[in-house]
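The lines below spell out each chain.
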Amino acid sequence: DVTMRGQKTSAEKVQAFAGMVDAYVASGGGVLLMPTETNMLKQAVADLTSRWGARLPVERIEEGDKDKLGHLTHSSQATPLALTDQISPSPVSEGVKQIWYPYAPAYNAQMTGPIVVDENWQIVVRASATSLTKPVDLAKSTMPVLENPFLRPDGERQPAIAAVREYRGGRVALVNQWRQFSIGSGTRYIFDRQVLSKGFGDRPSDFGRLLENTYRWLAEPSR
């Protein structure tokens, strides 16, 4: 009984926090959702994406063109990266031509995962034209899994990986990507700005530019 009361209190706190963030956006605030998603037990930002018309499918992106694959050159595990130049016109797309994104599988997810958004969102970046998502086989997982996961048996070609929207008085951006590669530790030796700007080989990455554009756009309605 004590355990159940504790779980209820925890759930109430999560809902209260989500309500506070929702009210902040409604008053003109800007929010970037960038979860380090693992798809174990509960998705990291589910209480906000469910309010704002977005879903994170339990699927992984597969890039069919080997020429669009690279890796972190300072990583002992050669952590894989993938390239896309599928950038759509949007309020945050200026100067963004292509991005390298972390591509490795992780837990029941991937270090960059697809997103599915409703008509209120504007898709900014899609994975390449030669990409396809495939559902994670949760039956083979050795880790805790989500209840009632959202996945599509046939996946999606060229899935969205970044999007923005206006919401009431404010703005929201969503990128389903592990942030260690950029805003977390992206300038450190192991990440070496490869996702932010350096890229792989002779092809740079404009993800840092995309983030800067997004921060400015998110802040514009702010008081």
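Above this note sits the structure.
Here's what I pulled together on the structure shown here.

1. A short note on the sheet that holds strand β4 (residues 69-71)
Then step 1. What the three strands build is an open sheet, ordered β4-β5-β7; its pairing is antiparallel. Pairing within the sheet leaves two strands with one partner each, and these edge strands are β4 and β7 (99-102). Strand after strand, the sheet turns through a mean of 40° between neighbouring axes, direction not considered.

2. A short note on the pattern of salt bridges
Side chains that differ in charge, positive against negative, can pair when their charged atoms come close.
Then step 1. The final tally for this structure, using the stated rule, is 13 salt bridges.
Then step 2. Between Glu-62 and Lys-134 there is a salt bridge, and its shortest N-O distance comes to 3.5 Å. Pair noted here: Glu-62 is in strand β3 (residues 59-63) and Lys-134 is in strand β12 (residues 131-135), with a separation of 72 residues, a long-range link.
Then step 3. Here Arg-126 makes a salt bridge to Glu-156, at a shortest N to O gap of 3.7 Å. Note that Arg-126 is positioned in strand β11 (residues 122-126) and Glu-156 in the loop between β12 and β13 (160-167), a separation of 30 residues in sequence.

3. Here's the deal with the sheet that holds strand β6 (residues 86-87)
Then step 1. If you walk across this open sheet you meet the five strands as β1-β14-β13-β11-β6, and the pairing is mixed. If you trace the sheet from one side to the other, it starts and ends with β1 (30-33) and β6, each paired once.
Then step 2. As paired strands, β1 and strand β14 (residues 170-175) are joined by four bridges and run parallel to one another. Counterpart to Gly-30 in the pairing with β14 is Arg-171.
Then step 3. Along the sheet, helix α4 (residues 207-219) contacts β1, β11, β13 and β14; its crossing angle with β14, the most-contacted strand, is approximately 160°.

Rules used throughout
- Residues numbered from 1 in each chain as written.
- Predicted model: local features only at pLDDT ≥ 70, side-chain atom pairs only at ≥ 80, totals over all residues.
- Heavy atoms only, no water.
- Pairing = 2+ DSSP bridges.
- Helix = DSSP H or I, 4+ residues; strand = E, 2+ residues; numbered from the N terminus.
- Axes fitted to C-alpha atoms, helices over the stretch in contact; angles between N-to-C directions.
- Salt bridge = Lys/Arg side-chain N within 4 Å of Asp/Glu carboxyl O.
- Contact = heavy atoms within 4.5 Å.

By themselves, these figures tell us nothing about what the structure is for.
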